[in-house]
Amino acid sequence: MESMKLRVSPPVFKGRLHDARTATSIGRWLGAAFVVCFLTGLISHYMQHPPDWLANHIPSRPAWGYRVSQGLHVASGIAAIPLLLAKLWTVYPRLFEWPPLRSVRHALERLSVAVLVGGAGFELATGLLNTAQWYPWPFSFVPVHYAVAWLVVGALILHIAVKAPEIRTHWSRRSPGTLALPAQDGPERRSLLTAVGAAVSAVTLTTVGQSFTPLKSLILLAPRHPDHGPQDLPVNRTAAAAGVGRIEDEEYRLVVAGPRPYTLTLEELRALPQHEVRLPIACVEGWSKSAQWTGVRVVDLLERADAPRHARVRVVSLQLRGGYRVSEMGHEHARDPLTLLALRLNGEELDPDHGYPARLIAPNRPGVLQTKWVGRLEVLA
Ligand SMILES: Nc1nc2c(c(=O)[nH]1)N[C@H]1C(S)=C(S)[C@@H](COP(=O)(O)O)O[C@H]1N2
Ligand SMILES: [Mo]
């Protein structure tokens, strides 16, 4: 007698949009975006949190280095969002693979894909929300975003290794091994890839102007416009938000703590030789903007305190609380003639929100380390 058992049959997917050639085409762009994003993320991480052996060796040139690297980090991350969505759509039929687990090897492979998809989604989502300064989660962004990046890279390397034969077969439109398969990219695949390319271009062109200022007129989706802010420069934390309020000229003192410590009033600081530099603020969140800064060279202030040539320097803000009130720099930054304790911005006294009366500005340096409302320079032993 025939059994009446009901068998649930998984959905059947046919067509080229879900095949390995499409997955490879999108995958290599996604892979390239991930590699750029990971490497520039490492640069950003080590510039902000250098281990001891590196802390005194971070180069201060090229002056635009961090601006370009962090611009690429955010742009590649944003471009990866439509690429990841397209890639997931291409391969999602595999979720319904039957049987779900064929062997131990197969189980491990699926596990690594789960880590890859979960981790990649997590990185892109938290990174994107960070560019908007929105932190709707209970953990601290930087260490978690950094740790998960390593998980994703590990899973990605494993994934590429496991899929290497398929990737090789489908890498180019007519690779020798594929003569038996449909060699030509049909119109449906071409349309899909064109649509993905258009989506990547659209999100890139409407956001990249936040750091690549020639395209600033196209900004539509970026949270920041590089021109919006006092003195044509964006502000991340205002004086009010930092709790420093208005610093009175007569009360201000700059303390330089070194072998021969001294204190300067604002008047004395203004009377020292002033220098002008053009340098960008390059925020880790992806916006950046060049400006004209005038002030006293930090190296001059250090010489006067008899600071040793290779000493590192701690810059301390008059802000009393908050993560960015203190920054440190190695001797390359401290001694660079472009590194200023700036008193003026774009020809005017600093706006309180830009650090009045004095803020640090140095070449090739993450924005979060360009300390505002500076009250103290400490020469470190
Ligand atoms: N004391 C202090 N300095 C600070 C900050 C801060 O919160 N407190 N924010 C930093 C960040 S994250 C950036 S991007 C730059 C922005 O400088 P701007 O507001 O002058 O554009 O200042 C940096 N300096
Ligand atoms: Mo920033």
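Cut-offs and rules
Residues numbered from 1 in each chain as written. Chains lettered and ligands numbered in written order. Predicted model: local features only at pLDDT ≥ 70, side-chain atom pairs only at ≥ 80, totals over all residues. Heavy atoms only, no water. Near = heavy atom within 4 Å. Polar contact = N/O pair within 3.5 Å; in protein donor to acceptor, adjacent residues only side chain to side chain. Areas by Shrake-Rupley, 256 points an atom, 1.4 Å probe, with all protein chains shown as cover. Nonpolar A, V, L, I, M, F, W, Y, C, P; charged D, E, K, R; others polar. Domains from an automatic or database assignment. Contact = heavy atoms within 4.5 Å. Buried area = accessible area lost by both parts, 1.4 Å probe. Salt bridge = Lys/Arg side-chain N within 4 Å of Asp/Glu carboxyl O. Helix = DSSP H or I, 4+ residues; strand = E, 2+ residues; numbered from the N terminus.

## Re the site of ligand 1
Close to ligand 1 lie 20 residues, the nearest being Pro-234, Gln-319, His-354, Arg-359 and Lys-372. For ligand 1, an oxygen atom lies 3.0 Å from a polar atom in the side chain of Arg-237. In isolation ligand 1 has 530 Å² of accessible area, and contact with the protein removes 99% of it. Partitioned by chemical class, the residues of the shell around ligand 1 number 9 nonpolar, 7 polar and 4 charged.

## Observations regarding the domain arrangement of the protein chain
Structurally, the protein chain comprises domain 1 (20-218) and domain 2 (231-380). The C-alpha-based centres of domain 1 and domain 2 are spaced at 36 Å. With 24 residues of domain 1 at the contact, the number on the domain 2 side is 28 residues. Interface area, domain 1 with domain 2, both sides summed: about 2100 Å², of which 49% is carbon and sulfur. When the buried surface of domain 1 facing domain 2 is broken down by residue, Asn-56, Ser-60 and Arg-67 rank first, second and third, together holding 27% of it. Between the two partners, domain 1 and domain 2, sit 1 salt bridge. With a shortest N-O distance of 2.8 Å, Asp-336 and Arg-61 are connected by a salt bridge. There are 14 residue pairs in polar contact (both at pLDDT 80 or more) connecting domain 1 and domain 2. Every element with two or more residues in the side of domain 1 that touches domain 2 is listed here: helix H1 (20-48), helix H3 (65-91) and helix H4 (104-131).

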